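Below, each chain spelled out in residue letters.
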Amino acid sequence: MRLLLAAALLLSAASYFVYLPLPSGVCEPWKLMLLDALFRSVIQASDVAHSLGLCHHVHLLNRVVSWVEDTEARSCPAVHVSDSTLGGVPARVFRAKGGAELKRGIIYFHGGGWALCSGRMRSYDLLCRKMSEDLDAVVMSVDYRLAPEAVFPDQYHDALAAARDFLSAEVLKRHGIDPERVCVSGDSAGGNLAAAVAQELGSDDSLTTRFKAQALIYPVLQALDFHTSSYQQNQAVPILYRPIMARFWLQYLGADSSLVPLLLANNHSSLDQPAIGADTRSKLNWTSLLPGERRKHYRPLVRDTGSPGLLGELPALMDVRAAPLLAEQRVLGRAPKAYVMTCEFDVLRDDGLMYVKRLQDAGVPVTSDHYEDGFHGCMVFAYRPMVSSVGRRSMNNYIRWLDQNL
Ligand SMILES: *[C@@H]1O[C@H](CO)[C@@H](O)[C@H](O)[C@H]1NC(C)=O
Ligand SMILES: *[C@@H]1O[C@H](CO)[C@@H](O)[C@H](O)[C@H]1NC(C)=O
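Each residue is numbered by its place in its chain's sequence as written, counting from 1. Each chain takes a letter, starting from A, and each ligand takes a number, starting from 1, following the order in which they are written. Only residues with pLDDT of at least 70 are given local features in this predicted model, and only at 80 or more are side-chain atom pairs given and counted; all residues enter the totals for whole chains, interfaces and linings.

- Looking at an unreviewed UniProt entry, the chain carries the name Neutral cholesterol ester hydrolase 1, with the source organism given as Pleuronectes platessa.
- Check the Sequence similarities (unreviewed entry) section of the UniProt entry for the chain; it says "Belongs to the 'GDXG' lipolytic enzyme family." UniProt positions are given in the numbering used here, feature names are shortened, and annotations may be inferred rather than shown by experiment.

Some words on unusual backbone geometry
Then comes step 1: Backbone torsion omega between F152 and P153 reads 5°, so that peptide bond is classified as cis.
Then comes step 2: Working definition: helices are DSSP H or I runs of at least four residues, strands are E runs of at least two. Numbering for both runs from the N terminus. In this fold, P153 is placed in the loop between β4 (137-142) and α5 (154-166).
Then comes step 3: Cis rather than trans, the peptide bond between P238 and I239 has omega equal to 0°.
Then comes step 4: Note on placement: I239 falls in the loop between α8 (229-233) and α9 (242-252).
Then comes step 5: With a phi angle near 55°, S188 is a residue other than glycine that sits in the positive phi range.
Then comes step 6: Notably, N266 is not glycine yet its phi reads approximately 55°, a positive angle.
Then comes step 7: Structurally, N266 can be placed in the loop between α10 (260-264) and α11 (278-283).

As for the nonpolar core
Then comes step 1: For this entry, the nonpolar core is defined as buried Ala, Val, Leu, Ile, Met, Phe, Trp, Tyr and Cys residues connected by C-beta atoms within 7 Å. In this scheme every C-beta is placed from the backbone, and a residue whose C-beta has 20 or more other C-beta atoms within 10 Å is buried, one with 12 or fewer is exposed, and one in between is partly exposed. By size, the foremost hydrophobic cluster in this structure holds 126 residues, and its most contacted members are M140, V142, A159, A163, V197 and L253.
Then comes step 2: When residues in this core are grouped by element, the largest group, eight residues, is from helix α7 (residues 189-202).
Then comes step 3: We call two residues in contact when the distance between their C-beta atoms, placed using the backbone, is within 7 Å. When sequence neighbours within four positions are dropped, the list of residues in contact with M140 reads L86, A91, V93, I107, Y108 and F166.

A closer look at the UniProt feature "active site" (unreviewed entry) in the chain
Then comes step 1: In this numbering, the UniProt entry assigns the feature "active site" (unreviewed entry) to S188, D346 and H376. Taken along the chain, the residues just named run across 189 residues; in space they keep tight, none of their C-alpha pairs more than 10.7 Å apart.
Then comes step 2: Tracing the backbone shows S188 in the loop between β5 (177-187) and α7.
Then comes step 3: With 29 C-beta atoms packed within 10 Å, S188 lands in the buried category.
Then comes step 4: Once you skip the residues sitting within four places of it in the chain, S188 turns out to touch G111, Y218, P219 and V220.
Then comes step 5: Looking at where D346 falls in the secondary structure, it is placed in the loop between β7 (337-345) and α16 (349-361).
Then comes step 6: Given 27 C-beta atoms within a 10 Å radius, D346 is considered buried.

Some thoughts on the sheet that holds strand β2 (residues 89-96)
Then comes step 1: A pair of strands counts as paired when DSSP detects no fewer than two bridges linking them. As summarised here, the arrangement of the eight strands in space is β1-β2-β4-β3-β5-β6-β7-β8, forming an open sheet in which the pairing is mixed. Each end of this open sheet is capped by a strand with a single partner; those strands are β1 (79-86) and β8 (366-375). Averaged over all adjacent pairs, the angle separating strand axes in this sheet is 20°, with direction ignored.
Then comes step 2: Two elements, strand β3 (residues 103-109) and β5, share six bridges in a ladder whose sense is parallel. Looking at the pairing, K103 lines up with I177 of β5. What counts as an axis is a line fitted to C-alpha atoms, over the stretch in contact for a helix, and the angles between N-to-C directions run from 0 to 180 degrees.

Brief notes about the packing of helix α4 (residues 122-135) against helix α17 (residues 389-405)
Helix-helix packing is described using two parameters, namely the angle between the two axes and the distance between the axes.
Then comes step 1: Where α4 meets α17, the closest approach of the two axes is 10 Å, and the angle between their N-to-C directions is 40°. Classed by the angle they form, the pair α4 and α17 counts as oblique. Once α4 is placed against α17, the crossing between them reads as right-handed. Between α4 and α17, the residues in contact are L127, M131, D134 and L135 and M395, I399, L402 and D403, respectively.
Then comes step 2: Gly is placed with the polar residues, together with every amino acid not listed as nonpolar (Ala, Val, Leu, Ile, Met, Phe, Trp, Tyr, Cys and Pro) or charged (Asp, Glu, Lys and Arg). Looking at the contact of α4 with α17 residue by residue, the classes come out as six nonpolar, no polar and two charged. Put simply, angles under 35 degrees are roughly parallel, angles over 145 are roughly antiparallel, angles from 65 to 115 are roughly perpendicular, and the rest are oblique. By the definition used in this description, the sense in which the near helix is turned from the far one sets the handedness, with an anticlockwise turn below a right angle giving left-handed and a clockwise turn giving right-handed.

Observations regarding the site of ligand 2
Then comes step 1: Each residue receives a C-beta atom placed from its backbone. It is near a molecule or strand if this atom lies within 6 Å of it. All residues adjacent to ligand 2 are P261, L262, A265, N267, T305, G306 and S307.
Then comes step 2: Taken together, the residues that form the shell around ligand 2 break down as three nonpolar, four polar and no charged.

Brief notes about the UniProt feature "domain: Alpha/beta hydrolase fold-3" (unreviewed entry) in the chain
Then comes step 1: In the numbering used here, UniProt assigns the feature "domain: Alpha/beta hydrolase fold-3" (unreviewed entry) to residues 106-261 and 318-379.
Then comes step 2: Secondary structure content for residues 106-261 is 42% helix and 17% strand, while the C-alpha to C-alpha distance between its ends is 38 Å.
Then comes step 3: As a span, residues 318-379 carries 27% helix and 31% strand, and end to end its C-alpha atoms are 29 Å apart.

Section: the packing of α5 against α7
Then comes step 1: The N-to-C vectors of α5 and α7 enclose an angle of 55°; their axes lie 10 Å apart at closest approach. For the element pair α5 / α7, the angle class is oblique. The crossing of α5 and α7 is right-handed. Contacts between α5 and α7 involve Q155, Y156, A159, L160 and A163 from the former and L193, A196, V197, E200 and L201 from the latter.
Then comes step 2: Partitioning the contact of α5 with α7 into residue classes produces eight nonpolar, one polar and one charged.

Listed below in structure tokens is the structure:
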């Protein structure tokens, strides 16, 4: 019923927004157009409600998403599902029935710009269920706190507390998880949290159990450059438009969204920012980190003068816990082997590809899985009514990588 209503809403939304020019090569463009129409109409409605003072736009968005998508923790013949907590943070636990006594373990952080979505959503529930069944694994999907109530470093702290608990002898034993086969994973903003947690715990010598792998799905990894070649190429590609990503960042860092134009102008990373040294710039220099076929004809935007006070007000822009791409090479070198999924039609493509290069330079084995027809979010749209073929393909390859590497 809800799905039918959602489909009807989607169709009527689509009729309002006529044609959207999409780059050639994107997978199933008409489906992406429908999805985009739904997204834009809900975002615009929530912005209107926000400016009328009815509610915060994020709250309305989350209300709609949870109305359409939230599911109960329901077991099925293959997987036992329950709601629990991990380090004091709510988490949905999926445990494959039967199979081996000791199972693989995966801790998963959902996407949604650190502000939206939940592990209880149908799409994440289905993803984790499938991972649990296909990999004979225990998957724990963490509901870290969200913006605007929680801002950095809350989300990070929740993710870290959950991960530390996940790796504790007690939790591993209680859930029958093999300590030699544990992985941290997440998509988009959840990929950001997974990468940050993998760095922190990779360098923690007090741990007896360590992650064997990290699997990052179109992760967001830096906020100093909104003119990477992928930000330039895909600024008008749904569903993650460039200004929306800038707004998510400001919201996560607890800053005012009126700063969006400043970020989009790269005024916060101008050369007159004393806090950004040559060493930091080299960590996100896409003209040297990316291969020519991704740089294409795009040129970097590095301003001589910008808004030098901003980094003082928002030091988190330089904080590796928020921007894992800025980590020191020695920290990266201690992180577990990695899988990084990226999509050609995604503003965050270069965040992921630069991270691949930096991890490789640090000596970490990395599988870079790039989808020439992929768009941001596609893996979550692998189920009806949104089924996307690149979503299906990428999900299967992601699970296959875990099967072979965990
Ligand atoms: C990025 O690297 C290129 C090539 O090594 C170099 O010419 C350029 O000056 C660097 N840009 C910045 C902003 O450091
Ligand atoms: C960026 O910085 C320049 C130079 O300080 C300033 O003139 C311009 O207004 C700034 N743009 C934004 C959007 O803040």
